[in-house]
Amino acid sequence: MTAPLPLTIVSGYLGAGKTTLINRLLAEDHGMRLAVIVNDFGSINIDESLITAQGDDMIALTNGCVCCTISDDLFSALGSVLDRTDRPDHLIIEASGIADPAAIASTAIAEPELGYAGIVTLVDAQNIDSLLEDTSVAPQVVQQITAADLVLLTKSEAADAALVDRLAAIGARDPRVLDDTSLAPLLFDIPPRERGMSQHAHPAYARWKHDSDMVISRRDMGEKLANRPHGLYRLKGFVLTDDGGYEVHVVGQYVKANRARTDRTRLVALGPADRISPDDIEAWWRG
């Protein structure tokens, strides 16, 4: 059976920077074959030297990525991607500026061939205050932000304390500034490729792994997952409990645990290094 295709939704109100992020993902040297579903080809500035083929609804790139438009409806575009013989490694949907990303995510959760990999919402730090004060658009903006597993601030070099507090007040997860750090570990669940001198002096992401034959109670597993550290963005693997084995999958606020065969507890976890450390994750799991 083919493994589910991971789906990440990129959300954010009009002008937040979604297209810029999509362009960056298509051009990055992450080694992944991406399929990106966008609303309009015209807004995606793809280098012509990267294009190997182009049709009415799809563009193929030299790095193995494909970019397709939603055209008549999202389900048709999803079908086109899932029906490809050269299935990509990861699927990204650029939600429209007024779309509810949670509604799109429900498609991934309900579709067996897709695997939920998170909602990333971009927030325009320069204009978010005025958007939240505009009663005609604020409900949509809040909906997009509170649905996010990862909130990225654009058009800012630092997270303003007042803005962080305001986002927290509406129920958002702690935001982080979108910088030039590779997003591959968070979005695609893979380590970034070495980039020579462009690497940051300190690791951008905290990584943790656990492998043991320790058995915990199913109740303890549930409590641990419900009370995981706030900076823990991804967790996956298998947990051995007194009620059998479970496969665990966590992306931000989304948690899934299904029965599975396993003779050990094997887990890997990931989170932004400025929010969490491997020691923090270890203390949480051992606690």
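On a predicted model such as this, the values are computed, not experimentally measured, just so you know. In every chain, residue numbers begin from 1 and rise along the written sequence. Two thresholds apply to this predicted model, a pLDDT of at least 70 for residue-level local features and 80 or more for giving and counting side-chain atom pairs, whereas whole-chain, interface and lining totals are computed over all residues. Water and hydrogen atoms play no part in the side-chain values, which are based on all heavy atoms of the structure.

## Some thoughts on the sheet that holds strand β10 (residues 205-212)
So, step 1. The five strands are arranged β10-β14-β11-β12-β13 in an open sheet whose pairing can be described as antiparallel. Two strands close off the open sheet at either side, each with one partner strand: β10 and β13 (254-259). Going across the sheet, the axis of each strand differs from the next one's by a mean of 15°, ignoring polarity.
So, step 2. One requirement defines pairing of two strands: DSSP has to find at least two bridges between them. Secondary structure counts use DSSP, requiring at least four H or I residues in a row for a helix and at least two E residues in a row for a strand, with both numbered from the N terminus. Sheet topology places strand β11 (residues 234-241) next to strand β14 (residues 265-272); five bridges connect them, and they run antiparallel. The axes used here are C-alpha line fits, helices contributing only the stretch in contact, and every angle between their N-to-C directions lies in the interval 0 to 180 degrees.

## With respect to the environment of Pro 185
So, step 1. Locating Pro 185 in the fold gives a position in helix α7 (residues 184-188).
So, step 2. Between the C-alpha atom of Pro 185 and that of Leu 270, which follows or precedes it by 85 residues, the distance is 8.0 Å.

## Some remarks on helix α1 (residues 18-27)
Note: α-helices contain 3.6 residues per turn, so residues at a spacing of three or four share the same orientation.
So, step 1. Of the residues making up α1, those classed as buried are Lys 18, Thr 19, Leu 21, Ile 22, Leu 25 and Leu 26. Buried residues along α1 cover an arc of 160° about the axis, so they all sit on one side. For α1, exposure combined with an orientation more than 90 degrees from the buried face picks out Thr 20 and Ala 27. Categorising residues by exposure relies on relative accessible area from a 1.4 Å probe, with only protein chains included: less than 20% of the type maximum marks a residue as buried, more than 50% marks it as exposed, and the intermediate range marks it as partly exposed. The arc in question is the one spanned by the directions pointing from the helix axis to the C-beta atoms.

## Considering the environment of Val 248
So, step 1. Considering the arrangement of structural elements, one finds Val 248 in strand β12 (residues 244-251).
So, step 2. Excluding anything up to four places from it in sequence, Val 248 contacts Met 221, Leu 225, Leu 235, Lys 236, Gly 237, Val 239, Lys 256 and Ala 257. Contacts are assigned to residue pairs with any non-hydrogen atoms lying within 4.5 Å of each other.

## Topic: the side chain of His 210
So, step 1. Mapping His 210 onto the fold places it in strand β10.
So, step 2. Look at His 210 and you get buried, because its relative accessible area is 6%.
So, step 3. Within polar-contact distance, the side chain of His 210 engages the side chain of Ser 212 at 2.9 Å.
So, step 4. Beyond its immediate stretch of four places on either side in the chain, His 210 contacts Thr 265, Arg 266, Leu 267, Trp 285 and Arg 286. Contacts described as polar in this section are N or O atom pairs within 3.5 Å, which, within protein, must combine one atom able to donate a hydrogen with one able to accept it, while residues neighboring in sequence count only if both atoms come from side chains.

## Re the pairing of strand β5 (residues 66-69)
So, step 1. Here β5 shows no split at all, with Val 66 and Cys 68 on one side and Cys 67 and Thr 69 on the other all buried.
So, step 2. Two strands pair when backbone bridges link them, and strand β2 (residues 34-38) and β5 are joined in this way by four bridges, in the parallel orientation. Within the sheet, the bridge partner assigned to Val 38 lies in β5 and is Thr 69.

## Brief notes about the nonpolar core
So, step 1. Only buried Ala, Val, Leu, Ile, Met, Phe, Trp, Tyr and Cys residues count toward a nonpolar core, and they belong to the same one when joined by side-chain atoms within 4.5 Å. In terms of nonpolar packing, the biggest core is built from 67 residues, with Leu 34, Ile 37, Leu 91, Ile 92, Leu 114, Ile 145 and Phe 188 touching the most fellow members.
So, step 2. A per-element tally of this core places strand β7 (residues 114-124) first, with six residues.
So, step 3. Non-local contacts of Ile 145, meaning those with residues more than four positions away in its chain, are made with Thr 121, Val 123, Ile 128, Val 151, Leu 167, Ile 170 and Ala 172.

## Let's talk about the pattern of salt bridges
So, step 1. Put simply, a salt bridge is a Lys or Arg side-chain nitrogen that is within 4 Å of an Asp or Glu carboxyl oxygen. The final tally for this structure, using the stated rule, is 14 salt bridges.
So, step 2. In this structure, Arg 166 and Glu 133 form a salt bridge, with 3.4 Å as the shortest nitrogen-oxygen distance. With a gap of 33 residues between them, Arg 166 in helix α6 (residues 161-169) and Glu 133 in helix α4 (residues 128-133) connect regions that are remote in the sequence.
So, step 3. Judged by its relative accessible area of 27%, Arg 166 is partly exposed.
So, step 4. Given the relative accessible area of 56%, Glu 133 is considered exposed.
So, step 5. Here Asp 211 ties to Arg 264 by a salt bridge, and the two come within 2.7 Å at their closest N and O atoms. Taken together, the residues span a long stretch of sequence, with Asp 211 in strand β10 and Arg 264 in the loop between β13 and β14 at a distance of 53 residues.
So, step 6. With a relative accessible area of 49%, Asp 211 lands in the partly exposed category.

## A few points about the side chain of Thr 121
So, step 1. Here Thr 121 is to be found in strand β7.
So, step 2. One polar contact links the side chain of Thr 121 to the main-chain carbonyl oxygen of Gln 144, over a distance of 2.8 Å.
So, step 3. Not counting residues within four places of it along the chain, the set of residues in contact with Thr 121 comprises Ser 11, Gly 12, Gln 144, Ile 145, Ala 148, Leu 150, Val 151 and Leu 152.

## A closer look at the packing of aromatic side chains
So, step 1. Aromatic contacts are taken between Phe, Tyr and Trp rings whose centres are within 6.5 Å, Trp giving its six-membered ring; a plane angle under 30 degrees counts as stacked, one over 60 as edge-to-face, and the others as tilted. Applying the stated criterion across every chain yields a total of two aromatic pairs.
So, step 2. Here, a charge over a ring is recorded when the distance from Lys NZ or Arg CZ to the ring centre is within 6 Å and its angle to the ring normal is within 35 degrees. Between the NZ or CZ atom of Lys 224 and the centre of the ring of Trp 285, over which it lies, the distance is 5.2 Å.

Structural measurements only, silent on function.
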